[in-house]
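A closer look at the structure
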Number of protein chains: 2
Amino acid sequence: MRIVALAGGIGGARFLRGLRQAAPEADITVIGNTGDDISLFGLRVCPDLDTVMYTLGGGINEEQGWGRADERFTIREELAAYEVGPSWFTLGDRDFGTHIVRSQMLDAGYPLSAVTEALCARWKPGVRLLPMSDDRVETHVVIEDAEGRRAVHFQEWWVRLHAQVPARSIVAVGAEDAKPAPGVLEALEAADVVILPPSNPVVSVGTILAVPGIRPAVAAKTVVGVSPIIGGAPVRGMADACLTAIGVETSAGAVAAHYGPDLLDGWLVDTADSDLDGDLDGIAVRSRPLLMTDVDAAAAIARAALDLAAELGS
Amino acid sequence: MRIVALAGGIGGARFLRGLRQAAPEADITVIGNTGDDISLFGLRVCPDLDTVMYTLGGGINEEQGWGRADERFTIREELAAYEVGPSWFTLGDRDFGTHIVRSQMLDAGYPLSAVTEALCARWKPGVRLLPMSDDRVETHVVIEDAEGRRAVHFQEWWVRLHAQVPARSIVAVGAEDAKPAPGVLEALEAADVVILPPSNPVVSVGTILAVPGIRPAVAAKTVVGVSPIIGGAPVRGMADACLTAIGVETSAGAVAAHYGPDLLDGWLVDTADSDLDGDLDGIAVRSRPLLMTDVDAAAAIARAALDLAAELGS
């Protein structure tokens, strides 16, 4: 079976670890969000790709869900001693190693997809990890506070401001001119099923779908999504702040409707949202526990998503 | 008093620490060799400037004479795990911090002299540290071994090959088109005395003097040098391999003659070479103990150099 999943960071990565366990024989391609990517200290940082790579490769910091296990912060100390910022984005020494290798390859002219493949040669994530695009797409957030109205990089809003300042709008800068990375459309074309893990529907899955060509290629397939919203709140992260910015209610049903029946065939919601069970304007909704408390729990959710896809695709 | 010193790495840095102690009221400008600079992992590394900066700024690894105290090697582990080389040039995590800051500033368009000044704002070396040039000059060494005749970067010859493969020639690539960095000629012009520390006469001091304009500006001053050769051998490092490559005997007298009486007014040699005491074709030679066993010993040598300069300049 050929599975394609679109993934953001922590939630997506944990789901994918379950998916890999649920479908050990499947050929899994992950299309990763790169809208969160940021240049820091002259180095290119790809938080979502790295979270997927580290999580599936056994290098993740399990407690925090991002960054490396057994991490150290020597370089951070040095940058602070040089008074070089920003200090609000934490990068550990091991993580710096990845960004140094990536940046060196990018500077040498390799596209991000080739760099990601090279990094994965070490991590062996057990899936094929593709960036959504080799072109630079950066999510910016328009905010308005005491400093006035301005656009900031998504990471500044998310990490520095903790998404506490309301977003007036969220723009994937460069998305409309971006091309899907090599292999993305081919993988979608060949897919038996496309899965939307419980990633942020706006700044993760939404950004991937904003790359011209990807949304119709996804929509042409049997698509099952897993709700990142349980009982009116995001499981983790601040997806509610993103949904509010685009005028979508923070509820499992509203997110399904936002994706729309043209895209989504099936939608898994938590038992807390079992009132949605059934048909939601053409989307088949099933409820089950969605908390990914461990890999087995994530695998059970992934299996339910694949079962629903099989039911809908037949 | 205004003092200018031309410096390489370890020997120069240790001497400068003594010079600063010997002449606490003096205005000291150090012109640092950049011919050893190398780009590694996409980052610009300036070993000699950093050795001077760390040594005078209290951050040096005292035992090895280069690199940072309390150093860690996490990134080195990561690069090895990614199978990214070269592995023969050791960079610690703290050192990486410096190279990351430097590279980011260089990429942003700042010249190396401005970057060095910014880095020194942290280290406060107590001297004004200038790179010899903002232009790229890289020392290459022509060698011939089983792999054939080829030019390698100085660091590859020095660090990877331990200067064991004879150098056919040593070329400061780019030197002839380089301009002295801002402040270099002005500092020399204003100097009361110019000191040549016991740095490598070929690949450190020699490279600095190869930048057009520097040698005549030095020669116009009272110049006193400290021999890096004691009793026919370098105090440390492999200066003998460099001297052999340019056809100069490894002796205190031959190095003085290589600099020449047009450049050098005074020359301090070790007591082991006291047979040179007196006048050497127009260069005033004095012998005294030259082993820099600690900062006080280095200060005593520096004081002797300044005394000789005062004697010769009056």
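Residues numbered from 1 in each chain as written. Chains lettered and ligands numbered in written order. Predicted model: local features only at pLDDT ≥ 70, side-chain atom pairs only at ≥ 80, totals over all residues. Heavy atoms only, no water.

Per an unreviewed UniProt entry, the recorded name for chain A is 2-phospho-L-lactate transferase, and the organism is Actinoallomurus vinaceus.

A few points about the packing of helix α4 (residues 93-107) of chain B against helix α5 (residues 112-123) of chain B
Any two packed helices are characterised by how steeply their axes cross, that is the angle between the axes, and by the distance between the axes. Residues and elements named next belong to chain B. Worth spelling out the cut-off: Throughout, an axis means a line fitted to C-alpha atoms (over the contacting stretch in the case of helices), and angles, computed between N-to-C directions, take values from 0 to 180 degrees. By definition, any uninterrupted DSSP run of H or I lasting at least four residues is a helix, any uninterrupted run of E lasting at least two residues is a strand, and each is numbered from the N terminus. Orientation labels follow simple angle bins: below 35 degrees gives roughly parallel, above 145 gives roughly antiparallel, 65 to 115 gives roughly perpendicular, and whatever is left gives oblique. The sense of a crossing depends on the near helix, which, turned anticlockwise from the far helix by less than a right angle, makes the crossing left-handed and, turned clockwise, makes it right-handed. Contacts are assigned to residue pairs with any non-hydrogen atoms lying within 4.5 Å of each other. By the convention adopted, Pro, Cys, Tyr, Trp, Phe, Met, Ile, Leu, Val and Ala count as nonpolar, Lys, Arg, Asp and Glu as charged, and the other residues, Gly among them, as polar.
Here α4 crosses α5 at 140 degrees, and the two axes come no closer than 10 Å. In this view, α4 runs oblique relative to α5, as classed from their interaxial angle. Judged by the twist between their axes, the crossing of α4 over α5 is right-handed. Across the interface between the two elements, T98, V101, R102, M105 and L106 of α4 pack against L112, A114, V115, A118 and L119 of α5. By residue class, the composition of the contact of α4 with α5 is 8 nonpolar, 1 polar and 1 charged.

Considering the pattern of salt bridges
Rule in force here: A pairing counts as a salt bridge when a side-chain nitrogen of Lys or Arg comes within 4 Å of a carboxyl oxygen of Asp or Glu. Using a 1.4 Å probe on the protein chains alone, a residue whose accessible area is under 20% of its type maximum counts as buried, one over 50% counts as exposed, and one in between counts as partly exposed.
Summed over all chains, the structure comprises 32 salt bridges over all chains. A:R68 is the salt-bridge partner of B:E78, the closest N and O atoms lying 2.8 Å from each other. Linking B:E78 in helix α3 (residues 74-81) with A:R68 in the loop between α2 (47-57) and α3 (74-81), this pair reaches from one chain into another. Using a relative accessible area of 2% as the deciding quantity, one classes B:E78 as buried. A:R68 gets classed as buried once you look at its relative accessible area, which sits at 6%. With a closest N to O distance of 2.9 Å, A:R94 and B:E78 form a salt bridge. Residue A:R94 is found in helix α4 (residues 93-107), and its partner B:E78 is found in helix α3; the two belong to separate chains. The class for A:R94 is buried, based on a relative accessible area of 7%. One salt-bridge network, in which partners are shared between bridges, spans A:R68, A:D70, A:R94, A:R122, B:E77 and B:E78.

With respect to the sheet that holds strand β1 (residues 2-7) of chain B
All names here are of chain B. How we decide: By the convention used here, strands pair only if DSSP detects at least 2 bridges between them.
Ordered by their spatial adjacency, 8 strands build an open sheet running β5-β2-β1-β9-β10-β13-β15-β14, and the pairing between neighbours is mixed. Each end of this open sheet is capped by a strand with a single partner; those strands are β5 (128-131) and β14 (278-280). On average, each strand axis in the sheet is inclined to that of its neighbour by 25 degrees, with strand direction left out of account. For β1 and strand β2 (residues 27-32), the ladder comprises 6 bridges, and the chain directions are parallel. Opposite I3, over in β2, you have I28 as the bridge partner.

Notes on the interface of chain A and chain B
Stated formally: Summed over both partners, the accessible area lost on bringing two parts together, with a 1.4 Å probe, is the buried area. Polar contacts here mean pairs of N or O atoms no more than 3.5 Å apart (in protein, one a potential hydrogen donor and the other a potential acceptor; neighbouring residues in sequence count only if both atoms are side-chain atoms).
Opposite the 26 residues of chain A that make contact, chain B presents 26 residues. Together chain A and chain B conceal approximately 2,300 Å² of surface at their shared face, both sides included; 60% is due to carbon and sulfur atoms. When the buried surface of chain A facing chain B is broken down by residue, A:E78, A:Y82 and A:R122 rank first, second and third, together holding 28% of it. Inspection of the region where chain A meets chain B yields 8 salt bridges. For A:E78, the salt bridge is made with B:R122, and the minimal N-O distance between the two is 2.7 Å. Here chain A and chain B share 14 residue pairs in polar contact (both at pLDDT 80 or more) between them. If you list the elements that add at least two residues to the side of chain A that touches chain B, you get α2, α3, α4 and α5 (112-123) of chain A.

Brief notes about the confidence of the model for chain A
The criterion, for reference: A residue's pLDDT is simply how confident the predictor is in it, with values from 0 to 100.
Counting all residues, the mean pLDDT for chain A is 97, and 100% of those residues have values of 70 or more. The ipTM, which scores confidence in the relative placement of chains, is 0.94 for this predicted complex, and the corresponding pTM is 0.95.

Quick word on the sheet that holds strand β7 (residues 148-153) of chain A
Residue and element names in this part refer to chain A. Pairing is antiparallel across the open sheet formed by 3 strands, whose spatial order is β7-β6-β8. Bordering the open sheet on either side are β7 and β8 (167-173), each of which pairs with just one other strand. In this sheet, adjacent strand axes meet at a mean angle of 20 degrees when their direction is disregarded. Relative to β7, strand β6 (residues 138-145) runs antiparallel, the two being bridged by 6 bridges. Paired with E144 across the two strands is R149, which belongs to β7.

A short note on the packing of aromatic side chains
The following threshold applies: Aromatic pairing here means that ring centres of Phe, Tyr or Trp (its six-membered ring) are within 6.5 Å. Orientation follows from the plane angle: under 30 degrees is stacked, over 60 is edge-to-face, and everything else is tilted. Geometrically, a charge over a ring is one whose NZ (Lys) or CZ (Arg) sits within 6 Å of the ring centre while staying within 35 degrees of the ring normal.
Within this structure, the stated rule accounts for 14 aromatic pairs over all chains. Seen from their ring centres, A:W88 and A:F89 are 6.1 Å apart, and the 75 degrees between their planes marks the pair as edge-to-face. Measuring from ring centre to ring centre gives 6.0 Å for B:W157 and B:W158, while their planes differ by 50 degrees; the resulting arrangement is tilted. As far as burial versus exposure is concerned, B:W157 and B:W158 are alike and both buried. An aromatic cluster is built from A:F154, A:W157 and A:W158, whose rings are joined through pairwise contacts. For A:R68, the ring lying beneath its charged end belongs to A:Y54, and the centroid distance is 5.2 Å. Taking the ring centre of B:Y82 as reference, the NZ or CZ of A:R122 above it sits at 4.5 Å.

Comments concerning the side chain of B:S133
Residues and elements named next belong to chain B. Here S133 shows up in the loop between β5 and β6 (138-145). A polar contact is formed between the side chain of S133 and the backbone oxygen of K179, at a distance of 2.6 Å. In this view, S133 contacts T34, L112, A178, K179, P180 and A181; residues no more than four positions away in its chain are not counted.

Re the side chain of B:T29
All names here are of chain B. By the element assignment, T29 lies in strand β2. By relative accessible area, which is 6% here, T29 ends up buried. Among all residues touching T29, those that are not within four sequence positions of it are I3, V4, A5, R128, L130 and A187.

Thoughts on helix α12 (residues 295-313) of chain A
Residue and element names in this part refer to chain A. As a reminder of what qualifies: What a helix is expected to span follows from its residue count: subtract one and scale by 1.5 Å.
The end-to-end C-alpha separation of α12 is 26 Å, in line with the 27 Å expected for 19 residues at 1.5 Å each. Residues of α12 that are buried include every one of A297, A298, A299, I301, A302, A304, A305, L306, L308 and A309, and no others. The N-terminus of α12 is capped by D294, whose side-chain oxygen sits 3.2 Å from the backbone nitrogen of D296.

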